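Descriptive analysis of the structure
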Amino acid sequence: VRTNPASFAAVARKNSQVPGSAERGGDLDFFGRGAMVKPFEDAVFAMKRGAIDFDSVEMQLEFDVQGKIVRIVPVVRNDAHKLIEECMLAANVCTAEFLAAHKHPVLYRVHEGPTPEKLAVLRDFLASCALAQPGGDEPTASDYAQLLLRIKDRPDYALLQTVLLRSLQQARYRPDNVGHFGLS
């Protein structure tokens, strides 16, 4: 499937507005020579569309010459990684829109929101930490994202983030596009 760069930029532009882009005529300058300051202002695309940004740490195995593990080290997720992730998401949106417009049968990776049971467990846990889950009985990805922002400086952030992530349903593949809760 070929996606035209103008379409890619349009999806990216639709999903957010980069701070300061209005002064540059609203152009995100994906394909020009202009420099971007701090890629998308810390993935502002994700924040603007209300997506959840679980800041998990990926681990990398290091091996000796015999192939035995000598060390497990965290991989730092830098601005370049975030920029690439956002570009991949925008490309996936373009592809899905193209396939849907041309009525091609495909499988969609869907990630539905929390079940009532998982939401009840989450609420109880958050209450024990003097927190509340915004969004009532049908929280949105934006509700999760806002809570993550509120707790980011807490010493128990990693635990809270894990509990929030585990409250969501696992991704599945389906022939109908019911969306991806975490991407908003």
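Preceding block: the structure.
Reading guide: rules and limits
- Residues numbered from 1 in each chain as written.
- Predicted model: local features only at pLDDT ≥ 70, side-chain atom pairs only at ≥ 80, totals over all residues.
- Heavy atoms only, no water.
- Axes fitted to C-alpha atoms, helices over the stretch in contact; angles between N-to-C directions.
- Helix = DSSP H or I, 4+ residues; strand = E, 2+ residues; numbered from the N terminus.
- Parallel < 35°, antiparallel > 145°, perpendicular 65-115°, else oblique.
- Contact = heavy atoms within 4.5 Å.
- Nonpolar A, V, L, I, M, F, W, Y, C, P; charged D, E, K, R; others polar.
- Expected span 1.5 Å × (residues − 1).
- Buried < 20%, exposed > 50% of the residue type's maximum accessible area, 1.4 Å probe, protein only.
- Core = buried A, V, L, I, M, F, W, Y, C linked by side-chain atoms within 4.5 Å.
- Salt bridge = Lys/Arg side-chain N within 4 Å of Asp/Glu carboxyl O.
- Pairing = 2+ DSSP bridges.
- Patch = residues over 30% accessible without salt bridge, like charges linked within 9 Å, V, L, I, M, F, W, Y side chains within 5 Å.
- Areas by Shrake-Rupley, 256 points an atom, 1.4 Å probe, with all protein chains shown as cover.

1. Regarding the packing of helix α5 (residues 141-151) against helix α6 (residues 157-166)
When two helices pack together, their arrangement is given by the angle between the helix axes and the distance between those axes. Direction vectors running N to C along α5 and α6 enclose 170 degrees, while the axes themselves pass 10 Å from each other. As the angle between them shows, α5 and α6 are arranged roughly antiparallel. Where α5 approaches α6, its residues Tyr144, Leu147, Leu148 and Ile151 are matched on the opposing element by Tyr157, Leu160, Gln161 and Leu164. The residue makeup of the contact of α5 with α6, split by class, is seven nonpolar, one polar and no charged.

2. Quick word on helix α4 (residues 116-128)
An ideal rise of 1.5 Å per residue puts 18 Å on 13 residues; α4 measures up with 19 Å between its terminal C-alpha atoms. Of the residues one or two after α4, Ala130 is the one with positive phi, at around 60 degrees.

3. Focus on unusual backbone geometry
Non-glycine residue Lys103 carries a positive phi angle of around 55 degrees. For Lys103, a relative accessible area of 72% corresponds to the exposed category. The phi torsion at Ala130 lies on the positive side, around 60 degrees, for a residue other than glycine. Along the chain, the position of Ala130 falls in the loop between α4 and α5. Its relative accessible area of 72% is what places Ala130 among the exposed residues.

4. Concerning the nonpolar core
Of all hydrophobic cores here, the largest spans 14 residues; its most connected members are Leu122, Leu126, Leu131, Tyr144, Ile151, Leu160 and Leu164. Counting only elements with at least two residues in this core, the list comes to α4, α5 and α6. The greatest single-element share of this core, amounting to four residues, is contributed by α5. Every residue in contact with Leu126, bar those within four places of it in the chain, is listed here: Leu131, Ala132, Gln133, Leu147 and Leu160.

5. What about the pattern of salt bridges?
Here the structure, examined in full by the defined rule, presents six salt bridges. For the salt bridge of Arg71 with Glu62, the shortest nitrogen-to-oxygen distance reads 2.7 Å. A relative accessible area of 46% places Arg71 in the partly exposed class. In this structure Glu62 comes out as partly exposed when scored by relative accessible area, which is 27%. A salt bridge links Arg174 to Glu112, with the nearest nitrogen and oxygen atoms 3.6 Å apart. Here Glu112 lies in the loop between β3 (108-110) and α4 and Arg174 lies in strand β4 (residues 172-174), a separation of 62 residues in the sequence. Each of Glu112, Arg172, Arg174 and Asp176 takes part in one network of salt bridges that share partners.

6. Concerning the pairing of strand β1 (residues 58-63)
Pairing of β1 with strand β2 (residues 69-75), which is carried by six bridges, proceeds in the antiparallel orientation. Residue pairing for β2: Glu62 is matched across the bridge by Arg71. Between β1 and β2, which pair antiparallel in sequence order, lie five residues; one of them, Gly67, sits at a positive phi of approximately 85 degrees.

7. What about a nonpolar patch on the surface?
Taken together, the side chains of Val57, Met59, Leu61, Phe63, Ile69 and Ile72 make up a nonpolar region of the molecular surface, amounting to roughly 590 Å² of accessible area. Elements represented by at least two residues in the nonpolar patch include exactly β1 and β2. Element by element, the count of residues in the nonpolar patch is highest for β1, at three residues. With respect to the helices and strands, the residue Leu61 is situated in strand β1.

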